[in-house]
Structures are given as C-alpha cells and as structure tokens.
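Observations on chain architecture
The lines below spell out each chain.
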Amino acid sequence: AACTAGALSLEDAARLVCLRGKLMLESPAGAMSAVYAPEARVRALLREKNSALDIAAVNGPAQIVLSGTEFAIEDFEKICAVESIRVKRLRVSRAFHSRLMDDLVPEFLSRAQEISFSKPQIPLVSSMSGEVFQDSYSAQYWANHIRATTNFYKSMQALEKIGSNAFIEIGPQPVLSQLGKDCLPEANL
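The following refers to the structure shown. Given the structure is predicted, the values throughout are model-derived calculations rather than measurements. (Residues numbered from 1 in each chain as written. Predicted model: local features only at pLDDT ≥ 70, side-chain atom pairs only at ≥ 80, totals over all residues. Heavy atoms only, no water.)

1. A few points about the pairing of strand β1 (residues 31–35)
- Burial analysis of β1 places 5 of its 5 residues in the buried class, the great majority of the element.
- By the alternation rule, side chains of β1 split into A31, S33 and V35 and M32 and A34, which are all buried.
- As judged from the 5 bridges shared by β1 and strand β3 (residues 63–68), these two strands associate in the antiparallel manner. Its bridge partner lying in β3, M32 is registered against S67. (Buried < 20%, exposed > 50% of the residue type's maximum accessible area, 1.4 Å probe, protein only. Helix = DSSP H or I, 4+ residues; strand = E, 2+ residues; numbered from the N terminus. Pairing = 2+ DSSP bridges.)

So this is what it looks like as structure tokens:
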C-alpha cells in the first residue's frame, strides 16, 4: 500500500518486506490466538490475570488477536473457556506484534534507515493509528510497526470516513474481507 501510494519505490518496498521477513524468522517461536470479545473486555482480562500477552491486532468490534509465548497463549485460552469467550488459535510460528519481536527492532531500524521514504501521494491510512497518514514515512515508523498493535478496525472506519467504498483483499487466504464487513456493518460492501 505504501508503494502504491508513492511513499516507497517498488525496490525499497521489496527490500523492507524481505528485511522484515528475514529478521522475523530469526525471532523466538511464539503463538497467536484470535479472541472473539470486545477490546475492553480482553484488556480487562489481561490486566486481571497479569498476562504476559500483547494485543497484536484489533480486527473488529469483537475480534482481538493476542500474541506471546505458547504457554501464555494456552493459559489465556483456558481463561477464555471459563469465561465462555470463543478463541481460535492462529496457524503461525511466531508471536508477531508482541514483545517477542523487541530484539529484532534495532537491527531493522538500522537497516531501514538506508531506505528513502516519501510523503504518500494518495491518502493512506496507518494500520497502527487508524488515521490518514500526513507525513513522510520513516524507518522509525516501520520499526514501530513490527511491535505495535495493528488496528484494522480503526483503519476501516478511517477509510470509510474519507470516502472509500470499495475494498480489495490481496493475499493467499481471504481473511480480511469478512472482517471488513464486521468493521463497517452499515456499509454496502
């Protein structure tokens, strides 16, 4: 998306993707689980149970993705069973957007600083803040993205607010299309 919006050249976008993927493969193993409950409820349970998990994504009004060690995910899934909250283990090998990514951020930042970033030429919504991006991207933005929660829910709302009414999912499995409909139930998607 950043490349299409003119914020990165195709070559630099590919370099960024390859660098991120390589470093993530070197990160510790971990697990992720989708929790079908509102964000406030999930955050309250995480605080109450002193969980060592991170919220990796807010995918909708009632779908949160947690990320952390296998043990912490298993423990939280048991808590959800007691609380009658549905969960679904994601088929991943790493705990993306969690503290288990922290060690790779410095190297990523150092190498990403070699890339040229520009201000997007068309409106682009940040998947972290869920707001239209106003400035040029930076190596620091992309380094923060490795660790930060992605907020698909806010992003979809922002896209609707700026007048987007057609969405295309590009990827190996259609996952986001249904989530988009959940984020914008009144929209004609």
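Text resumes after the structure shown.
2. What to know about the nonpolar core
- Counting residues in each nonpolar core, the largest one holds 25 residues, and the members touching the most others are L8, L16, F108, F117, Y137 and W142.
- Sorting the residues of this core by element identifies α1 (10–25), α4 (105–112) and α5 (139–147) as the ones contributing at least two each.
- Counting 17 residues, the second largest nonpolar core, distinct from the first, contains A31, V42, L45 and I85. (Core = buried A, V, L, I, M, F, W, Y, C linked by side-chain atoms within 4.5 Å.)

3. Quick notes on the packing of aromatic side chains
- Applying the stated criterion across every chain yields a total of 5 aromatic pairs.
- Relative to Y141, the ring of F133 lies with its centre 5.1 Å away and its plane at 75 degrees, an arrangement referred to as edge-to-face. Like Y141, F133 is buried.
- Taking the centre distance of 5.1 Å and the plane angle of 20 degrees together, the rings of Y137 and W142 count as stacked. Assigned by exposure class, Y137 and W142 land together as buried.
- A connected cluster of aromatic rings, assembled from ring pairs, spans F133, Y137, Y141 and W142.
- Here R86 stacks its cationic end above the ring of Y36, 3.7 Å away from the centre of that ring. (Phe/Tyr/Trp six-rings, centres within 6.5 Å; stacked < 30°, edge-to-face > 60°. Lys NZ or Arg CZ within 6 Å of the ring centre and 35° of its normal.)

4. Considering α1
- For α1, built from 16 residues, the straight-helix expectation of 22 Å at 1.5 Å per residue is met to within 8% by its first-to-last C-alpha distance of 23 Å.
- Every buried residue of α1 is listed here: D12, A13, L16, L19, R20, L23 and M24. Buried residues of α1, seen end-on, are gathered within an arc of 130 degrees and therefore sit on one face of the element. For α1, the exposed residues set more than 90 degrees away from the buried face come down to L10, E11, V17, C18 and L25. (Expected span 1.5 Å × (residues − 1). Arc of directions from axis to C-beta.)

5. Regarding the pattern of salt bridges
- Under the criterion given, the structure shown has 12 salt bridges.
- Two residues, D54 and R147, come together in a salt bridge whose shortest N-O distance is 3.6 Å. A residue pair is termed long-range when its members are at least 10 positions apart, and D54 in strand β2 (residues 54–60) and R147 in helix α5 qualify at 93 residues.
- With a relative accessible area of 10%, D54 lands in the buried category.
- The class for R147 is partly exposed, based on a relative accessible area of 27%.
- Residue E107 pairs with R111 through a salt bridge whose shortest N-O separation is 3.4 Å. One end of the pair, E107, and the other, R111, are both in helix α4, 4 residues apart, so they sit about a helical turn from each other.
- With relative accessibility at 36%, the residue E107 sits in the partly exposed group.
- Taken together, the shared-partner salt bridges connect D54, R99, D102 and R147 into one network. (Salt bridge = Lys/Arg side-chain N within 4 Å of Asp/Glu carboxyl O.)

6. Quick look at the sheet that holds strand β4 (residues 87–89)
- As summarised here, the arrangement of the 5 strands in space is β4-β1-β3-β2-β5, forming an open sheet in which the pairing is mixed. Lying at the two open borders of the sheet, with one neighbouring strand each, are β4 and β5 (150–151).
- Across 2 bridges, the pairing between β2 and β5 is parallel. If you follow A57 over to β5, its bridge partner there is T150.

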